[in-house]
Amino acid sequence: MIIEKILVVDDEEDLREIISEIFEFEGYKVRTAENGLEALKIMNEFNPDLIVTDIIMPECDGLTLFKELSRLYSPPPPVIFISGYVGSVAIDELKNKENFIAIFSKPIKIDDILNKLNELKDS
């Protein structure tokens, strides 16, 4: 899988900026959004290869974003979730979807996400 562009979606501005700066340092082109609605607006112009999103956000949460991506795009872009609510039943249902890549609990270890990106690049 080729990953050049990543969309980072999180309502926590500090976390969103830290993650995006690390991805940029690693050589990725990055855009950010503070919720799912903003992410959907960015999608057509940016066309990310991967989305990293929080689950619990105001206006449009990560689960709704995931479902909308599956409805609007064929194939939908791959998604990595980050959340403090990893054990949710809703997440278990999403794990069977083709564009579900992984879920990482907060506080996140950025090395875990970078390792997953390296796995994806090798696949």
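Residues numbered from 1 in each chain as written. Predicted model: local features only at pLDDT ≥ 70, side-chain atom pairs only at ≥ 80, totals over all residues. Heavy atoms only, no water.

1. Comments concerning the pairing of strand S3 (residues 50-54)
Both faces of the sheet carry side chains from a regular strand, because those side chains alternate between them. Among the 5 residues of S3, 5 are classified as buried, and the element is accordingly described as predominantly covered. In S3, alternate side chains face the same way, and those of Leu50, Val52 and Asp54 on one face and Ile51 and Thr53 on the other are all buried. Looking at chain direction, strand S1 (residues 5-9) and S3 are connected through 4 bridges and run parallel. Of the residues in S3, the one forming a bridge with Val8 is Val52. In the sheet, S3 pairs with strand S4 (residues 79-83) via 4 bridges, with the strands oriented parallel. Each bridged residue has a counterpart across the sheet, and for Val52 the counterpart in S4 is Ile80. Assessed by its sense of winding, the connection that carries the chain from S3 through helix H3 (residues 62-72) to S4 is right-handed. (Buried < 20%, exposed > 50% of the residue type's maximum accessible area, 1.4 Å probe, protein only. Helix = DSSP H or I, 4+ residues; strand = E, 2+ residues; numbered from the N terminus. Pairing = 2+ DSSP bridges. Right-handed = clockwise from strand over helix to strand, strands pointing away.)

2. A look at the sheet that holds S3
With parallel pairing, 5 strands are arranged side by side in an open sheet as S2-S1-S3-S4-S5. Only two strands of the sheet have a single partner each, and these edge strands are strand S2 (29-33) and strand S5 (100-105). Pairs of neighbouring strands in the sheet enclose a mean axial angle of 15°, with direction left out of account. Across the sheet, helix H1 (residues 13-25) is in contact with S1, S2, S3 and S4; its angle to S2 comes to roughly 170°. Packed on one face of the sheet, helix H2 (residues 36-46) meets S1, S2 and S3 and runs near 150° to S2. (Axes fitted to C-alpha atoms, helices over the stretch in contact; angles between N-to-C directions. Contact = heavy atoms within 4.5 Å.)

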